[in-house]
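# Remarks on the overall topology
Listed below are the residues making up each chain.
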Amino acid sequence: IEIKEIKKGDHLEYMIGDEKFESFQELDVRFIKELNKRFQDLYTSQKFFKTKDLESFENELRERRKSMPSNIPYLFTILPEYPQHALLGYIPGNDQTKVVIEYFKVKHKGYFFHDVIHARLEQLLVFFKQNFQSRAYRKYITSEK
């Protein structure tokens with residue numbers, strides 16, 4: 001994240017992208033703390049799986065599918081090689097092993113997923129659960145790869 005300092009008279013203003021902050025305190029409250037809150041919501045989610053690599057994440061999803069074959073397992077994780085992003089992994093349909101991984105950006109205003117900012121993680125999950133089996137959803141994820 002690039003933060004630009006702009007000298008305005010006797011004080012500094014800050015810019016992140018096209019968003020302006022009148023003081024460091026405002027930047028802290030409106031940006032840093034909100035971004036931390038979004039990551040904290042992910043970490044404390046029942047669907048968060050702590051891992052260091054994609055392979056163990058995918059294996060965990062396969063194990064969950066194996067233990068409950070009629071369910072569609074899904075999990076979140078964060079990996080260091082994808083800064084500012086989180087991963088949503090799931091195994092759809094009848095295939096017991098094909099893991100689908102979707103990346104979404106964690107922003108201070110919410111989770112940027114399928115070209116929409118979802119203010120809360122629960123909203124992202126509702127969107128996912130209502131749409132992941134639709135033709136439009138599948139078309140979107142194949143066009144984003």
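Right above here is the structure, for reference.
Bear in mind that the values here come from a model prediction, so they are computed numbers and not experimental data.

Further remarks concern the sheet that holds strand β3 (residues 19-21). Taken together, the 3 strands give an open sheet; going across it, the order is β1-β2-β3, and neighbouring strands pair in antiparallel fashion. With partners counted over all chains shown, the strands left at the sheet margins are β1 (4-8) and β3, one partner each. Pairs of neighbouring strands in the sheet enclose a mean axial angle of 30°, with direction left out of account. The strands touched by helix α1 (residues 24-44) are β2 (11-16) and β3; relative to β3, the strand with the most contacts, the crossing angle is about 130°.

The subject of this paragraph is the environment of K33. Relative to the assigned elements, K33 resides in helix α1. The class of K33 is partly exposed, set by a relative accessible area of 46%. Taking the C-alpha atoms as reference points, K33 and L121, separated by 88 residues in sequence, lie 16 Å from one another.

Below, the discussion takes up the nonpolar core. The biggest cluster of nonpolar side chains holds 27 residues, and the ones touching the most others in it are L42, F76, L88, Y90, F104, V106 and F128. For this core, the secondary structure elements donating two or more residues are β2, α1, β4 (74-77), β5 (85-90), β6 (100-107), β7 (110-113), α3 (121-131) and α4 (135-143). The greatest single-element share of this core, amounting to 5 residues, is contributed by α1. Those residues within four positions of F104 in sequence are excluded, and the remaining contacts are L42, F76, Q84, H85, A86, L87, L88, Y111, F112, F113 and L124. Membership of the second largest hydrophobic core comes to 9 residues, among which are L61, L75, L87 and V99.

In this section: the environment of H108. As for its position among the elements, H108 is in the loop between β6 and β7. Every residue in contact with H108, bar those within four places of it in the chain, is listed here: E19, R30, F31, E34, L35 and R38. A distance of 3.1 Å separates a polar atom in the side chain of H108 from a polar atom in the side chain of E19.

Before going further, it helps to examine the pairing of β5. Of all the 6 residues making up β5, 5 are buried; the element is thus mostly covered by neighbouring parts of the structure. Bridging between β4 and β5 involves 4 bridges; their strand directions are antiparallel. If you follow T77 over to β5, its bridge partner there is L87. The pairing of β5 with β6 spans 6 bridges and is classified as antiparallel. Pairing of Y90 across the sheet is with V100, part of β6.

Parameters and conventions
Residues numbered from 1 in each chain as written. Predicted model: local features only at pLDDT ≥ 70, side-chain atom pairs only at ≥ 80, totals over all residues. Heavy atoms only, no water. Pairing = 2+ DSSP bridges. Helix = DSSP H or I, 4+ residues; strand = E, 2+ residues; numbered from the N terminus. Axes fitted to C-alpha atoms, helices over the stretch in contact; angles between N-to-C directions. Contact = heavy atoms within 4.5 Å. Buried < 20%, exposed > 50% of the residue type's maximum accessible area, 1.4 Å probe, protein only. Core = buried A, V, L, I, M, F, W, Y, C linked by side-chain atoms within 4.5 Å. Polar contact = N/O pair within 3.5 Å; in protein donor to acceptor, adjacent residues only side chain to side chain.

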